[in-house]
Amino acid sequence: MRTTPSITATDSGYPHSLPVGSTPPGAESSAFEGRGNSSLRGQLSAFAWLGHIRPAEERQAGTGSADSFDELARMAVDEPWDRFSPAERDSLAVLKHYVTWTFEQSLVTSSVVPSPDSQTCVFNTRLVTPQHEFIYGVFQPNRQAGRQDWYLAGWRVAGTRQLETYTELPEGASYSQDPHAYVFDWDLPVTFVARQFTSMVSSLFPAALREIPLGLELALEGAVNRAIDIAKRNPGTAVPAWQPGKAELQLLLPLYLANPATPDAALVISRGDMAYRSTAIVSLADAYKAARLVTRPTAHWLNPPM
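Right, let's get into the pairing of strand β4 (residues 134–141). Judged by how many residues are buried, β4 sits mostly within the fold: 7 of 8 residues are covered. Across 5 bridges, strand β3 (residues 121–128) lies against β4 in antiparallel orientation. Among the inter-strand pairings, Asn124 is bridged to a residue of β4, identified as Tyr136. Two successive antiparallel strands, β3 and β4, enclose a turn made up of 5 residues, where His132 displays a positive phi of approximately 65°. Bridge count for β4 against strand β5 (residues 150–156) is 6 bridges, and the pairing is antiparallel. Among the inter-strand pairings, Phe139 is bridged to a residue of β5, identified as Leu152.

Let us now look at the side chain of Gln162. Along the chain, Gln162 turns up in the loop between β5 and β6 (190–191). With relative accessibility at 12%, the residue Gln162 sits in the buried group. Separated by 2.5 Å, the side chains of Gln162 and Arg156 make a polar contact. Beyond its immediate stretch of four places on either side in the chain, Gln162 contacts Thr120, Val138, Gln140, Ala153 and Arg156.

Another aspect to go through is unusual backbone geometry. In this structure, Asp90 takes a positive phi of about 70° despite not being glycine. You can call Asp90 partly exposed: its relative accessible area is 48%.

Once that is clear, we can look at the pattern of salt bridges. Under the defined criterion, the tally for this structure stands at 7 salt bridges. With a shortest N-O distance of 2.9 Å, Arg59 and Asp70 are connected by a salt bridge. A residue pair is termed long-range when its members are at least 10 positions apart, and Arg59 in helix α2 (residues 56–61) and Asp70 in helix α3 (residues 68–75) qualify at 11 residues. On the accessibility criterion, Asp70 (9% relative accessible area) is buried. For Arg271, the salt bridge goes to Asp185, with nearest N and O atoms at 3.3 Å. Here the residue Arg271 occupies a position in strand β9 (residues 265–271), and Asp185 occupies one in the loop between β5 and β6, the gap between them amounting to 86 residues. Taking the relative accessible area as the measure of exposure, Arg271 reaches 39% and is therefore partly exposed. Members of the salt-bridge network, linked through shared partners, are Arg54, Arg59, Asp67 and Asp70.

Definitions and cut-offs
- Residues numbered from 1 in each chain as written.
- Predicted model: local features only at pLDDT ≥ 70, side-chain atom pairs only at ≥ 80, totals over all residues.
- Heavy atoms only, no water.
- Buried < 20%, exposed > 50% of the residue type's maximum accessible area, 1.4 Å probe, protein only.
- Helix = DSSP H or I, 4+ residues; strand = E, 2+ residues; numbered from the N terminus.
- Pairing = 2+ DSSP bridges.
- Polar contact = N/O pair within 3.5 Å; in protein donor to acceptor, adjacent residues only side chain to side chain.
- Contact = heavy atoms within 4.5 Å.
- Salt bridge = Lys/Arg side-chain N within 4 Å of Asp/Glu carboxyl O.

Shown next, in the form of structure tokens:
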């Protein structure tokens, strides 16, 4: 199994060498019952009480009682929620990250909708069942004093009793109305200054090369130029990703630093008026988390190892 390199991000908002499921950028740090898992902080846990959250260690060990995220994983089409990071395999950390930020974007886009009688509130997770039915997160008023106004009642599909009062259920959260933002424009140049990034990836190169700063810069420039060439030949190589910390849709390109068949990291680029700007180099695990917020990646280089 390929191990995920430890890579430090710039000020792009990506986690700084944090494992999948760590506190999202800008999220609150306090904890409570239902907030105890560090991947479930922010607007979701401020909005609703999430109930019992099964610790990742128990899920990995096959112990403890199931929680709402176990239920969601069972309902939805099967996905490789945690395979880039061996330490977090089977922890559902990517699913929790996905739900946390999908809910937050749903708030931003006014896609968290109360029922006419105010007895439920729902958002579209944008996940589907094997029968291609959208799965909705359903909240109900919280009667317990001192807690959030709502509690997570579970996950439902259209037609179930708790959704009967809705004449129209909410659409999934959107990230950009511009279709061009999701694809790579090969006519735009990509700006990249290698010396700003070499410290992030130096550990991925042979020791002898790390002792030659100019050689390291030239090697990194070569890897970036190759990534750009690959994306020009096949624009589908560039994977759209959402960066919550900057509320920005970005693109990810594979960086092959040691093995031409296996990427070691991902280059993050942001589109400007006249060029793409390189903003960070991130681990494949963090790249997958950011990409999964937009859609399940289909690019072969970002498919988690089995």
